[in-house]
Amino acid sequence: MRKRPEKHGVGQLQLQIAFPQGEANDGTAEAEVNGPEASSAPVLARNKPERKRKWYSLIDKVYALPNLQRAWKQVLANGGAAGGDGVTLRQFRETADERLQALADDLRNKTYRPKPVRRVFIPKTGGGQRPLGIPSVRDRIVQQALLQVLSPIFEAKFSSRSHGFRPERGCATALSVVDQAVKHGYAWVVDADISAFFDTVDHEKLLAALNEEIADGSVLNLITRILKAGVSLPETSQVQPTELGTPQGGPLSPLLANVYLHRFDERMVQGGYGLVRYADDFVVFAKSEGEAAAALQLAREVLEGELGLVLHPEKTRVVSVAQGFEFLGFHYYRDPKTEKLRKEVSRKSTRRFREAIRQHTPRLKNQRKPRRRNLKAVRLAKNQRLEEMLRRLNRYLRGWHWYFKAVWSPYDTPFRNFDMFVRRRLRTAITGRAGIGWNRCLPNALLREVGLTSLDDWQRQYRDGLLVAPVRKNALGGEPDAGKPHVRFGKAGGGVTSP
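This report concerns the structure included in the present document. (Residues numbered from 1 in each chain as written. Predicted model: local features only at pLDDT ≥ 70, side-chain atom pairs only at ≥ 80, totals over all residues. Heavy atoms only, no water.)

### Some words on the packing of aromatic side chains
Any pair of aromatic rings gets described here by the distance separating the centres and the angle formed by the planes. Summed over the entire model, instances satisfying the criterion amount to 20 aromatic pairs. Arranged with centres 5.5 Å apart and planes meeting at 45 degrees, the rings of F165 and Y278 form a pair that is tilted. In this pair, F165 is assigned in the loop between α6 (137–155) and α7 (171–183) and Y278 in strand β6 (residues 274–278), connecting sequence segments 113 residues apart. For the pair F353 and Y396, a centre-to-centre distance of 6.3 Å together with 35 degrees between the ring planes defines the contact as tilted. Residue F353 is found in helix α13 (residues 347–360), and its partner Y396 is found in helix α15 (residues 384–404); the two are separated by 43 residues along the sequence. For F353, a relative accessible area of 0% translates into the label buried. Positioned above the aromatic ring of F330, the side-chain terminus of K343 is 4.6 Å from the ring centre. (Phe/Tyr/Trp six-rings, centres within 6.5 Å; stacked < 30°, edge-to-face > 60°. Helix = DSSP H or I, 4+ residues; strand = E, 2+ residues; numbered from the N terminus. Buried < 20%, exposed > 50% of the residue type's maximum accessible area, 1.4 Å probe, protein only. Lys NZ or Arg CZ within 6 Å of the ring centre and 35° of its normal.)

Have a look at this one:
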């Protein structure tokens, strides 16, 4: 068999790095190469180039009632607010069968028209706001139905370097590759950020990328209508046209992002660089500073020159692993005192954690100073407000820990400071006051007795192999889905909905 080139990407760990036996096979499926094994057999000459096969007649699979019903169940499980038409999931569920049949008829007759998405803004950790677009429930079902038909088609061609919003992949698999890369000699990193990716995707280039696999004009026209449905502005009744971008908030948007960035994945693989990408967030690993600089130059040529995107000038850099870099909510660096690699919760994720805890532990306005006799476990256990607060707080903490459990810390209690902050906030929520004196009235043992859990306790269970994945309830409070973490592995940072 012909010898493979020595230079391969990080996504092909068993091929490019001489790992010790047993380390490379971590269950992340990252050892698979993009394409068949190299063969020593001669390539036969062909008179004509092979014609690329495409997928035809897909629209009937999209509007098939069983597909729409499955899409509706997924949309219901995902939850979410109402779109621009004001119809909630609960309202849709009351007449779901009739609505789904009408939706199938509209798609079959080509009379379906998506409504403008409802624009909402969520605060960003570093300041400013991030725009999200919330489609109507009806439109989310159509997008989910498209996703169920198109995802298997494009999964067959996507690179193993892409981890975002893909079956059997996610933040965990992306971070596993990063962990192994920094442990096995990759000393330099291209730490990059694409500015406003979801707002700057070129529709024509995206449709051309879709057309490489899909020849069904009805499906392409349907996606075009979704892209150009417009945005309903919150402060006015006006509809802003969307000539660029794929609004975040719909089920189809992550797949379209991966389709758009697939060319970038291919070019970086062809260049032999160690790319790890999660949606629009990526890092590239290299052995030397010069190789990292060349990788950044190629990334810039593809992203800016070919795809019309922009790399953030301040957040894109070539940096050594020793200096440190952040990826998906973690901060990697080398401890200058011990020279050991560390992987800790990033400052940005810590700020998000603190803000989330503040939201889960609000103080009542004009709250009276409590009597000491009321600060007993028996009395506190009867407080319904505290019971609900602890239920929500513990659920958030469990999901947050499940995401950040795989830290590399020199301390036996890496989450002690997080626990201290949670207890301090809970004391403030119970008493309406802050101060050291309340520690004696509400000691740690009492808070544990009334039901507050500990991140450090969970970490010890994780190290002992006793911790299992948390469960997540469905959108309308039904039975939890066993075995599914309720952390949504979206863009990382620290939270139940966005860790």
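Still more to cover.
### What about the sheet that holds strand β9 (residues 325–327)?
If you walk across this open sheet you meet the 3 strands as β9-β10-β11, and the pairing is antiparallel. Both outer strands of the open sheet, β9 and β11 (341–345), are each paired with one neighbouring strand and no more. Each neighbouring strand pair of the sheet contributes to a mean axis angle of 25 degrees, computed without reference to strand direction. Relative to β11, strand β10 (residues 330–334) runs antiparallel, the two being bridged by 5 bridges. Across the sheet, the residue bridging to Y332 is K343, located in β11. (Pairing = 2+ DSSP bridges. Axes fitted to C-alpha atoms, helices over the stretch in contact; angles between N-to-C directions.)

### Here we look at the side chain of D139
By the secondary structure assignment, D139 is in helix α6. In this structure D139 is buried but unpaired, with R138 as the nearest side chain of opposite charge at 4.9 Å. A polar contact is formed between the side chain of D139 and the side chain of Y112, at a distance of 2.6 Å. (Lys, Arg positive; Asp, Glu negative; His and termini not counted. Salt bridge = Lys/Arg side-chain N within 4 Å of Asp/Glu carboxyl O. Polar contact = N/O pair within 3.5 Å; in protein donor to acceptor, adjacent residues only side chain to side chain.)

### Re the packing of α6 against helix α10 (residues 217–227)
In contact at an axis separation of 12 Å, α6 and α10 are set at 140 degrees when each is read in the N-to-C sense. Taken together, the axes of α6 and α10 lie oblique to each other. With respect to the hand of their crossing, α6 and α10 are arranged in left-handed fashion. From α6, V142, Q143, L146 and L150 reach across to α10, where they touch V219, L222, I223 and I226. Tallied by class, residues from the contact of α6 with α10 come to 7 nonpolar, 1 polar and no charged. (Parallel < 35°, antiparallel > 145°, perpendicular 65-115°, else oblique. Left-handed = near helix turned anticlockwise from the far one by under 90°. Contact = heavy atoms within 4.5 Å. Nonpolar A, V, L, I, M, F, W, Y, C, P; charged D, E, K, R; others polar.)

### Quick look at α10
In an α-helix, one full turn covers 3.6 residues, which means residues spaced three or four apart are oriented alike. Turning to α10, its buried residues are S218, V219, L220, L222, I223, I226 and L227. Residues of α10 that are buried make contact with α2 (59–63), α5 (96–109), α6, α9 (203–211) and α11 (253–270). By the N-cap criterion, in which a side-chain oxygen at the helix start approaches the backbone nitrogen of a residue two or three places on, α10 is capped by D216, the distance to S218 being 2.9 Å.

### Digging into the sheet that holds strand β8 (residues 317–320)
Within the open sheet, the 4 strands sit side by side as β6-β7-β3-β8. Their pairing is antiparallel. Every other strand in the sheet has two partners, leaving β6 and β8 as the edge strands with one partner each. Recorded for the sheet is a direction-independent mean angle of 25 degrees between the axes of neighbouring strands. The pairing of strand β3 (residues 188–193) with strand β7 (residues 281–286) spans 6 bridges and is antiparallel.

### Brief notes about unusual backbone geometry
Among all residues save glycine, negative phi is the norm, and among peptide bonds the norm is trans. For F165, which is not glycine, the phi dihedral falls at a positive 55 degrees. Residue classification places F165 among the partly exposed residues on the basis of a relative accessible area of 42%. Positive phi, normally seen in glycine, also occurs at A196, with a value near 45 degrees. Within the element layout of this structure, A196 appears in the loop between β3 and α8 (197–200).

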